[in-house]
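# Structural description and commentary
Spelled out, the chains give:
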Amino acid sequence: MALLSIRGDWSTFLFLIYYKIYSAIVWLAGNHCRGADKGRSVISGGVGGQSPGGLHRVRTRRRRPQQQHRAKHIVALTRRPSLRRIVMAPGASTAHTMLEDKEKALGALATATVSLCTRRISQFAPLLIALVGLPARGKSQLAHHLSRHLNWNGESTKVFNCSEYRRRHMALYGTHDIFRADNAHGSAIRRQSAHEAVQDAVLWLKDGNSVAIFDGTNITREQRRELNDYCLSDMGFRILFIECVCEDQELLERNIIEILRYSEDYKSMSEELAVDDLRKKLEHYMRQYEPIDANLETISFVRVENMGETVTAHKVAGQKESGILGYLSGLRPLPQTLYFTRHGESEYNVIGRIGGDALLSPRGQSYARGLAQHMNAIADREEPLSVWTSELRRTKQTAAEIRAPKRAVRALNELDAGICEGLTYEEMQERFPQEFAWRDQDKLRYRYPWGESYIDIMTRLRPVLSALEDEHNVIVVGHQAVLRCMLGYFLDAKLDELPYMNVPLHTIVKLTSHGYKYKVETIKLPIECVDTQRQQPKNCSITRTSIDALVTVPSHYDTLPSNLWQNPSEAQL
């Protein structure tokens, strides 16, 4: 009757139909939920011999709590199925309690495993490198080559030579008897010296440095085991042993000659006595020497045979260690002589401009001829030369008359000054005073806008320097900033000193290997040139005056004087 009464009102009729249907659905859903509430399921994992990777349901009878509110069952799952555990409110069944105890035991085991894993030393921990081997096997030479390489790559490294510590306990080296195994006094001195060297190396690493190189013999397994345990367990440092083996008689004889020539122990000894003493010293060490055996020792080591001819690695892991392994595989420390010179004076040098691809000035051309005469005479008198230049015109002009094979290497190009390319220092101060001040504050790391820094030069020079270490009788004709970096590498200079090393024009720098160091000679050709060396000013503030900013700028000409080389006294600086 209600429907007939509202037959004319269709909207009301449709609303009532919708309402009736909605009410019926709600009533049905409520009955279904009340029926399903009789049983409750709890998720667990790996129960009852079923697959541990799946999720299983364990039926528990629902208990009505005495209180009016319902106690909730809380379920927590870990990611690993074998470590899943059930955390439930009081009142759970005995099965749940047993499952919880079992999973707690598994959790404790997992925690112990994780604890052991976290004790592994981080690859960012300091690294101690311990050399192993008989005397005259090239250990010290390798140590200093490696130290120079690591310092260049930003890893602060220092070599701790055990022999230097021994000499502190002896006013004057006596004889080989100190190295006898049955010499108690000598053995005590050597043990004390090794201990002091290791302790200083540890202090070096504790001060925040990256790598310490312990340059000793470490010839017994007991010595290596104690040192390995001390670094790993007591100090938390990484440690890598490098064993030097030399079976090549020619290399061995050369190493012995270098020891007799450069070692402090034999400076006051005649050659005959020194040779006999060193031979007996080697015999004492050979009786005690125990080569590294991977089957008997649990250490990380690299074996270098015949100065890099063969390199073998065992349990080597870590970023630093991998880089060291790569360097050792290409190491060939042979006697060498290298020559470095800047290009002759360029037109930009005369007027005080930086960068660019300028040609040589007439005085620079005179230097090119003088350089060719000097180097050609050396090649005729000694060994053939090879010439490396940059790709810029002024270096190629300088080397043009040298009778030797030439290579133009892009990595030897001068530092890119970016937006300041071709400017004078006065123009830089006028246009970019803030940039000019920032450059003076940190010349090593300052990068010109759209240009380079000294650090960038060092990066692109790495392959060049690695190749140059294997060369002999090479002359590099380069640029001021590039040669500063190259000479700094071979002379193991501090990085902050590189931007201010004095590399003048019209000067040849000769490096000759001197043991594991280099002897430096400078040859100044008698051809006048401008001075391009600029020291760091005292005031590097961005608010400084132009006078303070330009106080160390070397003198130069404002324009290229046409009469400079006919009558120098008439030209004005």
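This one's a predicted model, so the numbers in the text were calculated from it and none came from an experiment. (Residues numbered from 1 in each chain as written. Predicted model: local features only at pLDDT ≥ 70, side-chain atom pairs only at ≥ 80, totals over all residues. Heavy atoms only, no water.)

### Thoughts on the overall build of the protein chain
Short version of the rule: Here a helix means four or more residues in a row that DSSP labels H or I, a strand means two or more in a row labelled E, and each is numbered from the N terminus. Per-residue accessibility, obtained with a 1.4 Å probe over protein chains only, is compared with the maximum for each type, and a residue is labelled buried under 20%, exposed over 50%, and partly exposed between these values. Whether two residues are in contact is decided by their heavy atoms, any of which lying within 4.5 Å being enough. Using the Shrake-Rupley algorithm and a 1.4 Å probe, accessible areas are obtained, with residue cover drawn only from the displayed protein chains.
A tally of helices and strands in the protein chain yields 18 helices and 14 strands. Going through the 573 residues of the protein chain one by one, you find that 44% of them count as buried. Taking contacts inside the protein chain between residues at least 6 apart in sequence as the whole, the part at least 24 apart equals 67%. Within the structure as shown, the protein chain displays about 31,500 Å² of accessible surface, and the carbon and sulfur contribution to it stands at 53%.

### What to know about the packing of aromatic side chains
This is how it is decided: Working definition: rings of Phe, Tyr and Trp (its six-membered ring) pair if their centres are within 6.5 Å, and the pair is stacked with planes under 30 degrees apart, edge-to-face with planes over 60 apart, and tilted otherwise. By definition here, charges over rings are those cases where NZ of Lys or CZ of Arg is within 6 Å of the ring centre and within 35 degrees of the ring normal.
The final tally for this structure, using the stated rule, is seven aromatic pairs. On the basis of an interplanar angle of 75 degrees and a centroid distance of 5.4 Å, the ring pair of Y446 and Y448 is categorised as edge-to-face. This pair shows no difference in class: Y446 is buried, exactly as Y448 is. Relative to F490, the ring of Y489 lies with its centre 5.3 Å away and its plane at 85 degrees, an arrangement referred to as edge-to-face. The class of Y489 is buried, set by a relative accessible area of 4%. Taking the relative accessible area as the measure of exposure, F490 reaches 3% and is therefore buried. Members of the aromatic cluster, each reached through a chain of ring pairs, are W152, F340, Y489, F490 and Y518. Just above the ring of Y500 sits the side chain of K443; from NZ or CZ to the centre is 4.9 Å.

### Structural notes on the side chain of Q336
Test applied: N or O atoms closer than or at 3.5 Å make up a polar contact, with two conditions inside protein: a donor-capable atom paired with an acceptor-capable one, and, for residues adjacent in sequence, both atoms drawn from side chains.
As for its position among the elements, Q336 is in the loop between α10 (319–329) and β9 (337–342). Reaching out from Q336, the side chain makes a polar contact with the backbone oxygen of E471 at a distance of 2.5 Å. For Q336, the residues in contact, after removing those within four places along its chain, are L468, E469, E471, H472, F490, L511, T512, S513 and Y518.

### Structural notes on the packing of helix α4 (residues 139–152) against α10
Each packed pair of helices is defined by two parameters, the angle between the axes and the distance between the axes. Heads up, the condition is: Comment: axis = line fitted to C-alpha atoms, over the contacting stretch for helices; angle = value between 0 and 180 degrees taken between N-to-C directions. Orientation is classified from the angle alone, with under 35 degrees giving roughly parallel, over 145 giving roughly antiparallel, 65 to 115 giving roughly perpendicular, and any other angle giving oblique. Crossing handedness follows the turn of the near helix against the far one: under a right angle anticlockwise gives a left-handed crossing, and clockwise gives a right-handed one. For this classification, Asp, Glu, Lys and Arg are treated as charged, while Ala, Val, Leu, Ile, Met, Phe, Trp, Tyr, Cys and Pro are nonpolar and the rest, including Gly, are polar.
α10 packs onto α4 with a crossing angle of 125 degrees between their chain directions and a minimal axis gap of 11 Å. As far as their axial angle goes, α10 and α4 are oblique. The two elements α4 and α10 cross, and the hand of that crossing is right-handed. Here α4 contributes L142, H145, L146, H149 and L150 to the contact with α10, which in turn contributes I324, Y327 and L328. Class assignment of the residues belonging to the contact of α4 with α10 gives a composition of six nonpolar, two polar and no charged.

### A look at the environment of E521
With respect to the helices and strands, E521 occurs in strand β14 (residues 517–524). For the pair E521 and L511, spaced 10 residues apart in the sequence, the C-alpha separation amounts to 6.6 Å. Those residues in contact with E521 that lie beyond four places of it in its chain are I508, V509, K510 and T512.

### Side note on the environment of L385
When you line up the elements, L385 lands in the loop between α12 (362–381) and β10 (386–389). With a relative accessible area of 6%, L385 lands in the buried category. For the pair formed by L385 and H472, sequence separation is 87 residues and the distance between their alpha carbons is 8.2 Å. When near neighbours in sequence (up to four residues on either side) are disregarded, L385 contacts Y339, M375, A379, A404, P405 and N473.

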